[in-house]
Amino acid sequence: MSATGSSTSPGSCAAGHAEVTVSPGDAVVQRLCVRPGTVVSLVLRPRPDDKRWTAVRSSAPALLLASGWRVDADGTAHASLRCAGTRGGTADVTASAKAPDVAGAARVAFTLHVSVVPYTTQG
């Protein structure tokens, strides 16, 4: 996974906009810390097997909404993940894949654990 627009140092989270690119060979489970209101562009590179990306889903759409799903002709998939403007919490974004000519449901092939961390307030 490569993330741009965000810092990976402990205690810091992406704010505003971040891009996460998942390439073949990357770990199938990743973590990302963001601030409320952040928009994350998720890019899933084509898979080396015959499976194609089929969809992304958020475990908590009120906190992190997955939208703008599309798959390019080369097999690269794109989704926009929009974080709630003020709330904090965690959500899992799962990306499913399946071979186009095989019956049955698509299976989860990638999971992004997203932590939305509010800014600290001073009293």
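Overview of the structure. Quantities reported herein were computed from a predicted structural model and do not represent experimental measurements.

## Quick look at the state of the cysteines
For the coordinates displayed, the defined rule picks out 1 disulfide. Put simply, Cys-13 and Cys-33 are joined by a disulfide, and their sulfur atoms are 1.7 Å apart. When the S-S torsion is 50°, as for the bridge of Cys-13 with Cys-33, the disulfide is right-handed. Of this pair, Cys-13 sits in the loop between β1 (2-4) and β2 (17-22) while Cys-33 sits in strand β3 (residues 29-34), and the two are 20 residues apart along the sequence. Cys-33 provides the cysteine sulfur closest to Cys-83, a residue in no disulfide bond, and the two sulfurs are 9.8 Å apart.

## Digging into the pairing of strand β9 (residues 107-116)
Two elements, β3 and β9, share 6 bridges in a ladder whose sense is parallel. What sits directly across from Val-29, in β9, is Thr-111. Of the strand pairs in this sheet, strand β8 (residues 89-98) and β9 are connected by 9 bridges, and their pairing is antiparallel. Across the sheet, residue Thr-90 finds its bridge partner in β9, namely Ser-115.

## Quick word on the nonpolar core
Grouped together as the largest cluster of nonpolar side chains are 27 residues, with contacts concentrated most on Val-34, Leu-42, Leu-44, Trp-53, Val-93 and Phe-110. Examining the composition of this core, we find that 5 residues originate from one element, β9, more than from any other. Beyond its immediate chain neighbours, meaning those up to four positions away, Phe-110 contacts Val-22, Ala-27, Val-28, Gln-30, Leu-42, Leu-44, Trp-53, Val-93, Thr-94 and Ala-95.

## Things to note about the sheet that holds β3
Taken together, the 4 strands give an open sheet; going across it, the order is β3-β9-β8-β5, and neighbouring strands pair in mixed fashion. With one partner strand each, in any of the chains shown, β3 and β5 (52-58) form the two edges of the open sheet. On average, adjacent strands in this sheet sit at an angle of 20° to one another, irrespective of strand direction.

## Observations regarding the environment of Thr-90
Among the structural elements, Thr-90 can be located in strand β8. By relative accessible area, which is 58% here, Thr-90 ends up exposed. Considered as a pair, Thr-90 and His-113 are 23 residues apart in the sequence and their alpha carbons are 7.2 Å apart. Leaving out residues up to four positions away in the same chain, Thr-90 has contacts with Ala-60, Leu-63, Val-114 and Ser-115.

## Brief notes about the side chain of Thr-76
Tracing the backbone through its elements, the reader meets Thr-76 in the loop between β6 (64-71) and β7 (77-83). Excluding residues within four positions of it along the chain, Thr-76 makes contact with Val-43, Leu-44, Arg-45, Pro-46, Arg-70 and Val-71.

## Some points on the pattern of salt bridges
Going through the model one piece at a time under the given rule, you end up with 2 salt bridges. A salt bridge links Asp-49 to Arg-47; the nearest nitrogen and oxygen atoms lie 2.8 Å apart. Under the relative-accessibility criterion, Asp-49 is labelled partly exposed at 34%. The partly exposed category is assigned to Arg-47, whose relative accessible area is 24%. For Arg-70, the salt bridge is made with Asp-72, and the minimal N-O distance between the two is 3.3 Å. In this structure Arg-70 comes out as partly exposed when scored by relative accessible area, which is 45%. Taking the relative accessible area as the measure of exposure, Asp-72 reaches 30% and is therefore partly exposed.

About the cut-offs
- Residues numbered from 1 in each chain as written.
- Predicted model: local features only at pLDDT ≥ 70, side-chain atom pairs only at ≥ 80, totals over all residues.
- Heavy atoms only, no water.
- Disulfide = S-S within 2.5 Å.
- Helix = DSSP H or I, 4+ residues; strand = E, 2+ residues; numbered from the N terminus.
- Pairing = 2+ DSSP bridges.
- Core = buried A, V, L, I, M, F, W, Y, C linked by side-chain atoms within 4.5 Å.
- Buried < 20%, exposed > 50% of the residue type's maximum accessible area, 1.4 Å probe, protein only.
- Contact = heavy atoms within 4.5 Å.
- Axes fitted to C-alpha atoms, helices over the stretch in contact; angles between N-to-C directions.
- Salt bridge = Lys/Arg side-chain N within 4 Å of Asp/Glu carboxyl O.

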